[in-house]
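# Observations on chain architecture
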Amino acid sequence: MIRGYLSVFRSYWPMLLFGLLTVFIGNFGQSFFISWYGASIQQQMNLSAAAYGSAYSGATLVSGLTIMVIGGAVDRLPLRRFIALAGAGLTLAAVLMWYAHSLWSLIIALFLLRFCGQGLMPHTAMTAVGRYFSINRGKAISVAGNGVPLGEMFLPTLAVALIALVGWQQSWLIIALFIPLVFLPLVFWLLAKAGPSEADSQAPAASARPADFIDGSRRTVLADGRFWRALPLLLAPPFIVTGLFIHQGFVLHQKDWSPALFASAFVLYGAVHWAASIFVGSLVDRYSATRLFKFMGLPFVAGLALGALRDGVWVVYAMMATLGIGIAMMGTIANALWAEVYGTKHLGSIRSLFTSLSVLSTSASPVLLDAGMDVQTFLLSMAGYAAVGVVLAATAFRSPAVS
């Protein structure tokens, strides 16, 4: 397996590094990074937790809807131009965070962070990688997707260090300078070094797959009944993980787990996420994403049911490890699925549709506890949702291509 990755990296390292770095830089707009600034923002702007939360949720919702409209432009614009625009937007977001002095300026900054960071950067990377690779698409998507666990491991420490050294707003000025001075020149150089795509650099018989000749569009997706049967499972991972992490205080209290215990389990979650994504990438290239898709929800069913029905310190580690496997499967399989089933010509438009729906699903999960359910019901409800998604997915994509 490792030998296969090394072979792909030797041949196509510029595009693989482009994908990895672009996903990594998008972490500046992810919740796990922005959350380190929440307390400082609320204190300086005299905002209540409810006001800050509403601003953040509103910015996230609007960014998700905007991606549905703008994301398809990656299919029409040259990649260098599109990544330059996304980088400019993320730079502007960081500048506005540095300058923010009112609620409205904060909302605009958060919108641009979520839209360009959480949204456009990984969207651009995964679209470019999915289109560039064919027979090693699973491995390539896995490598690019590892920008997320790398960010989870290193960026919180960076945020804490920058806040301690220069303050929360000045740290955003450093980020704003880093993007145009370091990130964009580096990815432009990598794109210039990248040669022909995998399909163009190898013999057609070796590189072409049925999906490479499909011309599916967003309209094709919306008219495809298989997509709607697959959608509940596709949305399960972001919905479940967001709900669990947002309500972690409630879960820890009722399960009698300490924050320190959960923090150590989160490290395991990140490590398993990284390792499993490497393994799943090889499986996708061997068996195809369409064949593996229906198994994607099983780790969520097992982990959440275990967390609901058993107690003890070991349970939190087992639950987080299985969730790490599930998230790894989702990141690699789902991103490869669109190219296999609908082709790559309109891949950006199709991915932007799914990205928007994923963002909307994450905005729905925080209301799970409004009915006053206990932790067992909470976890079992999410496990049941994943199980229903698995059943529906078994009737969805059974072959790679549509005509």
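Relevant structure appears above.
Worth saying up front: this structure is predicted, and the values here are computed from it rather than measured.

### Side note on helix H20 (residues 375–393)
Between its first and last C-alpha atoms H20 spans 27 Å; for 19 residues at 1.5 Å apiece the expected length is 27 Å, and the two agree. Inspection of H20 places Val-375, Phe-378, Leu-379, Met-382, Ala-383, Ala-386, Gly-389, Val-390 and Ala-393 among the buried residues, and these make up the whole buried set. In a view along the axis of H20, the buried residues occupy a sector of 125°, so they form one face of it.

### Notes on helix H6 (residues 103–132)
Its 30 residues place the ends of H6 42 Å apart at the C-alpha level, agreeing with the 44 Å of an ideal helix rising 1.5 Å per residue. The largest bend in H6 comes to about 35°, at Leu-120, with the proline Pro-122 one to four residues further on. Burial runs high along H6: 24 of the 30 residues are buried.

### Regarding unusual backbone geometry
Its identity as a non-glycine residue notwithstanding, Asn-46 has a phi of 55°, on the positive side. Along the chain, Asn-46 falls in the loop between helix H3 (38–45) and helix H4 (49–70). Judged by its relative accessible area of 70%, Asn-46 is exposed.

### Some words on the nonpolar core
Side chains of nonpolar character tend, in soluble globular proteins, to be buried together. If you look at the biggest cluster of nonpolar residues, it comprises 95 residues, and the most contacted ones within it are Ile-41, Met-97, Phe-133, Trp-172, Leu-234, Phe-293 and Ile-333. The element contributing the most residues to this core is H6, with 14 residues. Leave out the neighbours within four places in its chain, and Ile-333 touches Val-280, Val-284, Ala-289, Leu-292, Phe-293 and Met-296. By size, the runner-up hydrophobic cluster in this structure holds 27 residues, among which are Ala-236, Trp-257, Ala-308 and Met-382.

### With respect to the packing of helix H17 (residues 298–309) against helix H18 (residues 313–342)
Each pair of packed helices gets described by two things: the angle between the helix axes and the distance between those axes. Where H17 contacts H18, the axes come no closer than 8 Å and their chain directions differ by 165°. Put simply, H17 runs roughly antiparallel to H18. The element H17 and its partner H18 pack so that their crossing is left-handed. When H17 is examined against H18, the residues Pro-299, Phe-300, Gly-303, Leu-304, Leu-306 and Gly-307 are found in contact with a partner set consisting of Trp-314, Val-315, Ala-318, Met-319, Thr-322, Leu-323, Ile-325, Gly-326, Ile-327 and Met-329. Its residues assigned to classes, the contact of H17 with H18 comprises 12 nonpolar, four polar and no charged.

### Examining the pattern of salt bridges
Scanning all chains against the criterion turns up four salt bridges. With its nearest N and O atoms 2.5 Å apart, the salt bridge here joins Arg-131 to Asp-75. With Arg-131 in helix H6 and Asp-75 in the loop between H4 and helix H5 (79–99), this residue pair connects regions lying 56 residues apart in the sequence. A relative accessible area of 30% means that Arg-131 is categorised as partly exposed. Across the salt bridge formed by Asp-224 and Arg-226, the nearest N and O atoms sit 2.9 Å from each other.

Rules of the game
- Residues numbered from 1 in each chain as written.
- Predicted model: local features only at pLDDT ≥ 70, side-chain atom pairs only at ≥ 80, totals over all residues.
- Heavy atoms only, no water.
- Helix = DSSP H or I, 4+ residues; strand = E, 2+ residues; numbered from the N terminus.
- Expected span 1.5 Å × (residues − 1).
- Buried < 20%, exposed > 50% of the residue type's maximum accessible area, 1.4 Å probe, protein only.
- Arc of directions from axis to C-beta.
- Bend = angle between axes of the 7 residues up to and from the residue.
- Core = buried A, V, L, I, M, F, W, Y, C linked by side-chain atoms within 4.5 Å.
- Contact = heavy atoms within 4.5 Å.
- Axes fitted to C-alpha atoms, helices over the stretch in contact; angles between N-to-C directions.
- Parallel < 35°, antiparallel > 145°, perpendicular 65-115°, else oblique.
- Left-handed = near helix turned anticlockwise from the far one by under 90°.
- Nonpolar A, V, L, I, M, F, W, Y, C, P; charged D, E, K, R; others polar.
- Salt bridge = Lys/Arg side-chain N within 4 Å of Asp/Glu carboxyl O.

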